[in-house]
Amino acid sequence: MKFLSDNPAQFVLRLGLFVYLAITLTTFEAGAAPSFSGIVTSKDKGYEGLLFQTEEPGKYLPAPLLGTDVKIDVSGIISRVRVRHFYKNPTEHWVEGIYVFPLADKSAVDTLTMRIGKRIIKGVIEEKVRARRIYNEARKKGQRAALLETQRPNVFRTSVANIGPNDGIIIEIAYQETIAVKNGQFRLRFPMVVGPRYTPTSALLAQLASILSGDEKTLPETERLSSPILQPEQGPLNPVNLTVRIEGKLPIRDIKSHHHPVAISNPGSGPIDVKLQDGSVPADRDFELTWSPDLPRAAVSIFTEEWKGERYGLVMVTPPAGKSPQVPNRYREIIFIIDTSGSMAGKSLSQAKASLRYALEKLGRQDRFNVIQFNSHTSSLFDAAVPANKKNLSAARTYIDDLDAQGGTEMRPAIRFALDGQDDRSRLRQVIFITDGGVSNEAKLFREIAARLSDTRFFTIGIGSAPNQHFMRWAAKYGRGTFTFIGDLDQAESRMKELWQKLSRPVLTHLSIQPRSEGSIEAYPKMIPDLFVGEPVVFAFRFSDGLKAFKVRGQGPDGLWVEDFNLENASVGKGISKLWAREKIDNLRSSVYWGVSTDEVRKEATDVALKHALVSRYTSLVGVDETPARGTGEKLVSKNMPANLPFGWEYEKIFGGSNGNGMPLMHRTLLKEARNSYQTANASIKQVAPAAMVQGASTKVLALPQTATPSQIYLLIGLLFVFGAVLLALMRVRLRACR
Amino acid sequence: MSRWVIISCCVVLLGIGLVFIAHGLLIPAKAVLAQYLLESAWQKTRKDKKAAKPWPWADIWPIARLTIDGKSTLVLADGGGESLAFGPSHVSGSARPGTKGTSVISAHRDTHFQVLKRVKPGSVVTLERADGVTRDYEVRETRVLSKPKLLFPPEDGRDRLILVTCWPFDAIVPDTQKRFSVLGERIR
């Protein structure tokens, strides 16, 4: 909002802004907070799980979740997760839904199976545009269909067409992930909170109590009723059935579930089964299981798989922390770059400033630093890095306080200035780049960073509500650093703290992987970040038949470090080929910035994704039930049933018979509550007749920018002041005349 | 009361008033001036077949020319932040203007899109792409949205252009919620 911030005008401006804000605030206070009764919008945290479209654009009503069934198979550092969610359409209408499920950044999704009503739909991998077309056509014809797509690597979105009245919906997704390992401890996480869960409110409990006592009218003391009533034969509310199987060739110890009571069977030899204990499951916590392997590191860190006649492997490399625990901490030279272009104006800039201030506080006395800002021009606090003494730090603080966002975004000079300015080679040089990434010439900037990097490490911090994460993630990759995202002001300190801890640790650099015998190896990721102590890196690779061994080498705090890996000692793992494919696709995408044409990348990545049946930017899973939803006779359905039985094992138990008979009481009550909440919600469910599915096709919502300027209000305020001045002047003339 | 007090009060009030007026005028001035500079960038874009910036440090560039009711403006790629001050901007997440599907363009109601006041169903809006191809869209309907959110029409193979701006047009204090939208469908 500041267009002229030259000093003389500042005071006046602030005063003016104050007046302006006061006016705006008083005008808008009344209409500011909309009430949501069970409605979620795409911005809410509850934007997960199955959502029904409402008549009002951008708003959804959550489908009641009746149960969750999770099976996780762990072999080594790979986990294969299969999730089933049981939902129900509690309305009497045909509806359309979307299902959003966030996953870890590197998960490789390869399976989508849905059951809507009594029909099974299995997704097959298709090229993205084609998949979309197949789905659209099916929807037009009134067929049940599902489409699993991804725009960003960590958010998957399923569209579900033609959900019939009172249909039960089972959504099954399967994917693999690598397990996080930190300081030798394996950590498995699973998000329990998918979609808004219905928790037994006192009203619901009261209702239940009255049903159970057989007298609908007595509702005394019900407020105090608690879980005992939700016991066995009624079935638990939102039952979560979760099992983890850890392949048992290697003994493990210290197995622990952090937030949920579990039953662990056979912690000795053979596979270990971990099961959630019956009873209530805290819905607000992720399931978290940790354990440690009981063997030397090398034995557990390499896995191979043979798939379609090709050989794949996975290796986990851990920096040698034990050898020299007291590494002399190299003195550092830290260069901060802060983006002060116009797009950073407002909140983003205050976040950036808060992060910078935090970082300055943490500088050690021996460290050197500099602050560079750029918008249309680049300028810096000091000509070159200076020691972090009191005087320099206080100068920096003043400099930061005075930063103001305006103008364009010319990043290149700033990046050059930061990367070229090294004069003391003995220091560990780290560049911290704070921006919203509003740039168009990404490819050029990536090349710039990669070409000038040398021994410097480039860390990016993404600021603001919609930063260009893609740019920052890749800039950090090319800079062999990390990317930190700060979504709002409250996060600034904790995220900066994490980053700072990373920056202060000694590292292993220049990592590479090479064959040790005859044969070849194709390993990903190709761009490897520096390894911090206690933080392992995982390579997925494909290797030729003859290869027996390979080595991983890097530059450690005390010289060259080499570790040999023997493929013959490797354990067998599952799903490695898919993880490899996922890494390869990521890597292909990055090669665009090295001059490979987009078409070539698309073609090659599509081939890999299709071959490995992975959902990616170029491919989607699509499933169509050939039988049109409408006009499906009962007989036809029952005929189809036998083949479907294995998948639907729990169907009757969860959803009851054809008219809801035999459904657990808890569920019936829950559905009733869902129906009631739909009625009181101030947006009603969008009904779609299956034959006319074409209509309600879209669920895409676009947020629109603010498009009114304060021009008129400025003019008005200005005129008022001028008017006041004239009035005063007139008064004075009058006074003089009277005398 | 000393006359100096009154005179200095006068001067201070006048000063504050003029600064505000300057700011008030700067906004439309910027909007008009930027379009002149963009015009030459657009000619260059057309000629070189590649994005040209209107001034060397700009983080905006023109991607299409939009003609509404005889008034033509240059549409900018979505630059976030300040780009709306210089011209109508493509809203990212929608199709590129002039291509298949639904494109959304937004601009300030009191500068570039003041012209939307005069648009009625049946009016024709013309869009010229950087490669010289022009597309005509006939306005089907205009609508006031109660929230700054737009639900996309279904993808049914028709190409659409949606123009949005703040509403109401002449309110002095900007309403942060309501939007005015114009839906056009491609006719040639």
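Structural notes, computed from the coordinates. (Residues numbered from 1 in each chain as written. Chains lettered and ligands numbered in written order. Predicted model: local features only at pLDDT ≥ 70, side-chain atom pairs only at ≥ 80, totals over all residues.)

**Quick notes on the overall build of chain A**
A tally of helices and strands in chain A yields 16 helices and 37 strands. Burial statistics for chain A: of 739 residues in total, 41% are counted as buried. Counted over contacts in chain A with a minimum sequence separation of 6, partners at least 24 positions apart contribute 74%. (Helix = DSSP H or I, 4+ residues; strand = E, 2+ residues; numbered from the N terminus. Buried ≥ 20, exposed ≤ 12 C-beta atoms within 10 Å, placed from the backbone. Contact = placed C-beta atoms within 7 Å.)

**Considerations on unusual backbone geometry**
Residue and element names in this part refer to chain A. The amide bond that connects Y524 to the next residue, P525, takes the cis arrangement and shows omega of 0 degrees. Position of P525 relative to the elements: it lies in the loop between strand 30 (521-524) and strand 31 (531-532). You will see that A613, though not glycine, has its phi angle at about 55 degrees, which is positive. Mapped onto the elements, A613 comes out in the loop between helix 12 (598-611) and strand 36 (619-628).

**Concerning the packing of helix 16 (residues 711-738) of chain A against helix 1 (residues 3-48) of chain B**
At their nearest, the axes of helix 16 of chain A and helix 1 of chain B sit 7 Å apart, and the two run at 160 degrees to each other. Classed by the angle they form, the pair helix 16 of chain A and helix 1 of chain B counts as roughly antiparallel. As for the relative orientation of helix 16 of chain A and helix 1 of chain B, their crossing is left-handed in sense. (Axes fitted to C-alpha atoms, helices over the stretch in contact; angles between N-to-C directions. Parallel < 35°, antiparallel > 145°, perpendicular 65-115°, else oblique. Left-handed = near helix turned anticlockwise from the far one by under 90°.)

**A short note on the packing of helix 5 (residues 347-362) of chain A against helix 6 (residues 390-401) of chain A**
All names here are of chain A. At a minimum axis distance of 10 Å, the contact between helix 5 and helix 6 shows a crossing angle of 175 degrees. The orientation of helix 5 with respect to helix 6, classified from their angle, is roughly antiparallel. On the side of helix 5, the interface is formed by K353, L356, R357 and L360, while helix 6 contributes L393, A396, R397 and I400. Across the contact of helix 5 with helix 6, the residue classes break down as five nonpolar, no polar and three charged. (Nonpolar A, V, L, I, M, F, W, Y, C, P; charged D, E, K, R; others polar.)

**Section: the sheet that holds strand 21 (residues 310-317) of chain A**
Residue and element names in this part refer to chain A. Ordered in space as 30-32-21-20-35, the five strands form an open sheet in which the pairing is mixed. Looking along the sheet, the strands with just one partner apiece sit at the ends: strand 30 and strand 35 (571-572). Note: strand 30 against strand 32 (residues 537-543), four bridges, orientation antiparallel. Counted as the bridge partner of A523 is F541 from strand 32. (Pairing = 2+ DSSP bridges.)

**What to know about the pairing of strand 23 (residues 368-374) of chain A**
Regular strands show a simple pattern: their side chains alternate between the two faces of the sheet. Residues and elements named next belong to chain A. The buried count for strand 23 comes to seven of seven residues, which makes it a mostly enclosed element. The pairing of strand 22 (residues 332-339) with strand 23 spans seven bridges and is parallel. Across the sheet, the residue bridging to E333 is R368, located in strand 23. In the sheet, strand 23 pairs with strand 25 (residues 386-387) via two bridges, with the strands oriented antiparallel. Residue R368 lies in a different strand from strand 25, and its bridge partner there is P387. Between strand 23 and the antiparallel strand that follows it, strand 24 (residues 378-380), lie three residues.

**Quick notes on the sheet that holds strand 19 (residues 287-293) of chain A**
Residues and elements named next belong to chain A. Overall, antiparallel pairing links the four strands, which are arranged 13-14-19-16 in an open sheet. Edge positions in the sheet fall to strand 13 (180-182) and strand 16 (252-257), since each of these pairs with one other strand and no more. With strand direction ignored, the average angle separating the axes of adjacent strands in the sheet is 25 degrees. Pairing of strand 14 (residues 185-190) with strand 19 involves five bridges; the strand directions are antiparallel. Its bridge partner being in strand 19, R189 is matched across the sheet by E288.

**Section: helix 11 (residues 576-590) of chain A**
Taking 1.5 Å of rise per residue, the 15 residues of helix 11 of chain A would be expected to cover 21 Å, and the 21 Å separating its terminal C-alpha atoms lies within 8% of that figure. Taking burial as the measure, the 15 residues of helix 11 of chain A include 13 buried ones, the bulk of the element. (Expected span 1.5 Å × (residues − 1).)

**A short note on helix 7 (residues 411-420) of chain A**
Residue and element names in this part refer to chain A. The set of residues buried in helix 7 consists of M411, A414, I415, A418 and L419. For helix 7, the arc enclosing every buried residue in end-on projection is 120 degrees, short of the 170-degree limit, so these residues lie on one face. Those residues of helix 7 that are buried lie in contact with strand 22, strand 23, strand 24, strand 26 (428-435) and helix 8 (442-452). (Arc of directions from axis to C-beta.)

**Regarding the environment of D59(B)**
Turning to its location among the elements, D59(B) is positioned in the loop between helix 1 and strand 1 (62-68). For the pair D59(B) and A77(B), spaced 18 residues apart in the sequence, the C-alpha separation amounts to 9.5 Å.

**Comments concerning the pairing of strand 4 (residues 102-106) of chain B**
All names here are of chain B. In terms of residue burial, strand 4 counts as a mostly covered element, since five of its five residues are buried. Residue alternation in strand 4 divides its side chains into two sets, T102, V104 and S106 and S103 and I105, and both sets are buried. As judged from the two bridges shared by strand 3 (residues 89-90) and strand 4, these two strands associate in the antiparallel manner. Across the sheet, H90 pairs through a bridge with I105, a residue of strand 4.

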